[in-house]
Amino acid sequence: MAYDLTGLEVAVLGGDARELELISQLLALGADLQIVGKSRGLNEKNIKVVESLEELKSVNLTAVIAPMTGTDTDLKVKKTFNDLKVQLTEDFFASLRPGTIFFIGFAKPKIKEWCRKYQIQLVELAALDEVAILNAIPTAEGAIEIAIRETPITLHNNNSFVLGLGRVGLTLARMLHDLGSNTYGVARKPKDLARAVELGFNPVDFANLAEQIAEADFIFNTVPTLILDRELLEKVNSEAIIIDLASAPGGTEFEVAEELEIKAELALGLPGKVAPKSAGKILSEIIPRVIVKEQ
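Rules behind the numbers
Residues numbered from 1 in each chain as written. Predicted model: local features only at pLDDT ≥ 70, side-chain atom pairs only at ≥ 80, totals over all residues. Heavy atoms only, no water. Helix = DSSP H or I, 4+ residues; strand = E, 2+ residues; numbered from the N terminus. Buried < 20%, exposed > 50% of the residue type's maximum accessible area, 1.4 Å probe, protein only. Polar contact = N/O pair within 3.5 Å; in protein donor to acceptor, adjacent residues only side chain to side chain. Axes fitted to C-alpha atoms, helices over the stretch in contact; angles between N-to-C directions. Parallel < 35°, antiparallel > 145°, perpendicular 65-115°, else oblique. Left-handed = near helix turned anticlockwise from the far one by under 90°. Contact = heavy atoms within 4.5 Å. Nonpolar A, V, L, I, M, F, W, Y, C, P; charged D, E, K, R; others polar. Expected span 1.5 Å × (residues − 1). Pairing = 2+ DSSP bridges. Right-handed = clockwise from strand over helix to strand, strands pointing away.

Draft legend 1. Spatial organisation of the environment of Asp229. Here Asp229 is to be found in the loop between β10 (218-221) and α8 (230-233). Residue classification places Asp229 among the partly exposed positions, given a relative accessible area of 25%. A polar contact of 3.1 Å, which involves the side chain of Asp229, links it to the backbone nitrogen of Leu232.

Draft legend 2. Fine view of the packing of helix α4 (residues 129-150) against helix α5 (residues 167-178). With their axes 8 Å apart at the nearest point, α4 and α5 run at an angle of 40 degrees to one another. Classified by the interaxial angle, the pair formed by α4 and α5 is oblique. Relative to α5, the crossing made by α4 is right-handed. For the pair α4 and α5, contact is made by Asp129, Ala132, Ile133, Ala136, Ile137, Thr139, Ala140, Glu141, Ala143 and Ile144 and by Arg167, Val168, Thr171, Leu172, Met175 and Leu176, respectively. When its residues are assigned to classes, the contact of α4 with α5 shows 11 nonpolar, two polar and three charged.

Draft legend 3. Inspection of helix α1 (residues 17-28) at higher detail. An ideal rise of 1.5 Å per residue puts 16 Å on 12 residues; α1 measures up with 17 Å between its terminal C-alpha atoms. Looking at α1, one finds that the buried residues are Arg18, Glu19, Glu21, Leu22, Ile23 and Leu26. In this fold, the buried residues of α1 make contact with β1 (9-12), β2 (32-36), β3 (47-50), β4 (63-65), α10 (270-274) and α11 (276-293). Looking at where α1 begins, the residue whose side-chain oxygen comes 2.9 Å from the main-chain nitrogen of Arg18 is Asp16. Positive backbone phi, approximately 95 degrees, marks Gly30, located one or two places after α1.

Draft legend 4. Representation of the sheet that holds β3 within the structure. The six strands are arranged β3-β2-β1-β4-β5-β6 in an open sheet whose pairing can be described as parallel. The open sheet has two edge strands, β3 and β6 (121-124), and neither has a second partner. For this sheet the average axis-to-axis angle between neighbouring strands, irrespective of direction, equals 20 degrees. Here β2 runs beside β3; their pairing, made up of four bridges, is parallel. Paired with Val36 across the two strands is Val50, which belongs to β3.

Draft legend 5. How the structure looks around the packing of α4 against α11. Relative to each other, α4 and α11 sit at 170 degrees, their axes nearing to 10 Å. Put simply, α4 runs roughly antiparallel to α11. Where α4 approaches α11, its residues Glu130, Val131, Leu134 and Asn135 are matched on the opposing element by Ala279, Ile282, Ile286 and Arg289. Class assignment for the residues of the contact of α4 with α11 results in five nonpolar, one polar and two charged.

Draft legend 6. A look at the pairing of strand β8 (residues 182-187). β8 sits mainly inside the fold: five of its six residues count as buried. Sheet topology places strand β7 (residues 159-163) next to β8; five bridges connect them, and they run parallel. Bridging across to β8, Phe161 finds its partner in Tyr184. Read from β7 through α5 to β8, the crossover connection turns out right-handed. Pairing analysis gives four bridges linking β8 to strand β9 (residues 202-205), with the strands arranged parallel. Across the sheet, the residue bridging to Ala187 is Asp205, located in β9. Note on the crossover from β8 through helix α6 (residues 190-198) to β9: the handedness is right-handed.

Okay, here's the thing in C-alpha cells:
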C-alpha cells in the first residue's frame, strides 16, 4: 500500500545502503527530505543536504530517521553519509517539536530519556516484530553465506547448532534444515523445544548443551547474553565455526575462542551488508505507514 507523504518534512541522519533505498521510496511518496551528509547514490533533486544536526530545520519536522545501526556509547551515529561525525545531543531533541517521530534501530537509555522529556515519539525499529521477523531472512541468509565461505565442509549432512529459537533463530534453523544440515535447536522454554520437534530439528535444552556441543560443526548464536563461555568453548570441536548473530558484544568469549584456536565471528548488521535493497524495502514499507498513522 502506498502512503501519501506529500508536504511532510522528514530528516534522515545517515545510514548505509538500506537508508539509501528508504530515501528513494520516501521521495517517491512525496516527502520533503533533509539529509545529513551527501552520499553517492543520492539524487539531490528534491533533497536538502546539510552537514550537521545544527543545520537541520528541525522545528517543522514530522519525523527524524536515524540509521538502523544506531549509535555508539557516546551517542555518535554509527553509519553516516560522507563519513560525517553526527552526535545526538539533548539540544537536538529539545529543538524538535513535541510529537515528532524519532526512528532508530535501538535507542540508548539517554535517547529514551530525552524523548520522554521533550515528548518525542520514539520508535525502535529493531524491536518491532514486523521488522525483526522480515530482517531475520537476510540475517539468516548472511549467516549461511559466512558458514559456506569460511569452512571446507558442506552444511549438508553436518551438524548445525542454533542457540536460541527466537525470530532469527527459527528462520535460520529452518533454512539450515532445508539445506540438509543436521539442525539442533537449542532453547530453554518447553514451547520452543516443542516447536523444534514440530519443525524437524533436534531439540536441545540449554541445560544439556555442554553434553552435546562437541558434536557441532557449525554454531550459530542468536542469544544476546554470554552463552559460549570458557567452560563451553573448551568442549567445542576446534574445527567448528562459531557465527555469533547477537547484538554487540555477542554471546561468545571471543578472546577465549581465539586462545583455543576456534574460528569465531561476530556478524553484525547482516541485512544491510548482504541484502541492503531488500532490507531497505522493509523499512520503506513500515516507516511511511507509522508516519501516516501518527498524523
